[in-house]
Amino acid sequence: MSIENFDAVDIIRVKRDRGTLTGAQIDWTIDAYTRGVIAEEQMAALNMAILLNGMDRTEISRWTTAMINSGQRMDFSTLRSPGGTPMRTTDKHSTGGVGDKITLPLAPLVAVFGVAVPQLSGRGLGHTGGTLDKLEAIPGWRAELSNEQMMRQLSEVGAVICAAGASLAPADKKLYALRDVTGTVEAIPLIASSIMSKKIAEGTGALVLDVKVGSGAFMKDFTDARELATTMVNLGTDASVHTVALLTNMDTPLGLTAGNAIEIAESIEVLAGGGPADVVELTVALATEMLAGAGIHDVDVAAALTDGRAMDKWRAMIAAQGGDNNAPLPVAKESEILYAQADGVLTSLDALDVGVAAWRLGAGRARRQDPVQAGAGVRLHAKPGDQVRRGQPLATMLTDTPERFDRAREILEQAATIGPVGSRPDMTLIHERITAS
Ligand code: URA
């Protein structure tokens, strides 16, 4: 048996008593936990101490580096276009929201301008959807790619959305699963290091963070969202990744759909030059930031949505991963409509309620191993700011299993607030831009 340099209980006591962990203590903690030397209950206690007492910038940076070093780093420095030109890489990460399908039109849109987008994504857990679950609604599409397949697709198509391999920050996989069941997901140092360890290990040259704030987000208020964004931007910048963050609204769902196949269909509308205004606005804003991070300025990003170039990239990206662009998307077997209860203006439509309703209808999963229903979800017929009339459809619930309607309706009915005619709810989508401090 090897001799260990530290004792887990001593390390827990340091954080419990509001002390600062040394670099060597942090390196050992992450390594020993990954090796199974630190027990789950010890790591749970340490996570709770971090949630309650925080970490300083040096500790968070070292914790992130230790998580990166628990696995392999990807390297795109040799990436070339088919003509042999070196390609830059840029990526986006969203902290998660309801109806957040932005990655889908965004990756092919950015690739139009010759910058490669390696998007390593995850599956959904809880009320926020997962990009891979959405893409798996497309018949034939596969999420698992080898590193060689990923490099080839990046070179030939310019965009890849695929599953992160097991070797990318394995310490985070273990730690995240533990945080999920111990009420310690919401610790800013742990969220920031979890997200940034994966993004830095992924090897992207530039990164744009879409930090959600509002009822459907991890961060419900601006102070927390700003702190999370600043922490992540500083981590990226310190690791030589050009990183900026946008703080964006998640009080109400993005677009008019929350689910899997229905979000794919809405993304395709955006790629065809249409789609809901908020999805288009955020897609264009994030694409502009991603391109600027890769050194490309003064291009007409929106034009690539309306002239078909982004759609061509999307079709190539889907086909390269086995997806059938011409196959019809799955449709839920059953639907039920919810109607407005009064005349007036829809003043709010709560993102968390809509997300939970979509999840209860079968669009999301309660346990990592559960399947999701491709056709399930919620289709919205009005957005905050819209005038509505009593009896008008507000939302359609979709599922293959109608016994789910009652519990979904219970939550969806409380999602909408209708105010008097003339009400003007604040509809700001992009609140702030955060750069390194
Ligand atoms: N997403 C992650 O990858 N990690 C977190 O801690 C929270 C959201």
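Residues numbered from 1 in each chain as written. Predicted model: local features only at pLDDT ≥ 70, side-chain atom pairs only at ≥ 80, totals over all residues. Heavy atoms only, no water.

By the naming in an unreviewed UniProt entry, the protein chain is Pyrimidine-nucleoside phosphorylase, taken from Paeniglutamicibacter gangotriensis Lz1y. You can read under Subunit (unreviewed entry) in the UniProt record for the protein chain the words "Homodimer." Here the protein chain is described in UniProt, under the heading Sequence similarities (unreviewed entry), as follows: "Belongs to the thymidine/pyrimidine-nucleoside phosphorylase family." (UniProt positions renumbered as here; feature names shortened; annotations may be inferred.)

## Concerning the nonpolar core
Ranked by internal contacts, the top residues of the largest apolar core, which has 72 residues, are Leu135, Trp314, Val354, Val378 and Leu412. Split by domain, this core shows at least three residues from each of two domains, domain 2 (90-165 + 179-326) and domain 3 (334-419). If we ignore the near neighbours within four places in the chain, the residues touching Leu135 are Leu104, Trp141, Ile161, Ile264, Trp314 and Ile318. Judged by nonpolar contacts, the second largest core, of 59 residues, contains Ile38, Met67, Met219 and Ala245. (Core = buried A, V, L, I, M, F, W, Y, C linked by side-chain atoms within 4.5 Å. Buried < 20%, exposed > 50% of the residue type's maximum accessible area, 1.4 Å probe, protein only. Domains from an automatic or database assignment. Contact = heavy atoms within 4.5 Å.)

## Observations regarding the sheet that holds strand β9 (residues 377-380)
What the 4 strands build is an open sheet, ordered β6-β9-β11-β7; its pairing is antiparallel. Each edge of the open sheet carries a strand with a single partner, namely β6 (257-259) and β7 (334-339). Neighbour-to-neighbour, the strand axes of this sheet turn through a mean angle of 15°, independent of strand direction. Pairing analysis gives 3 bridges linking β6 to β9, with the strands arranged antiparallel. Across the sheet, residue Ala258 finds its bridge partner in β9, namely Val378. On the sheet, helix α11 (residues 261-271) packs against β6, β9 and β11 (393-399) and is oriented at approximately 140° with respect to β6. (Pairing = 2+ DSSP bridges. Helix = DSSP H or I, 4+ residues; strand = E, 2+ residues; numbered from the N terminus. Axes fitted to C-alpha atoms, helices over the stretch in contact; angles between N-to-C directions.)

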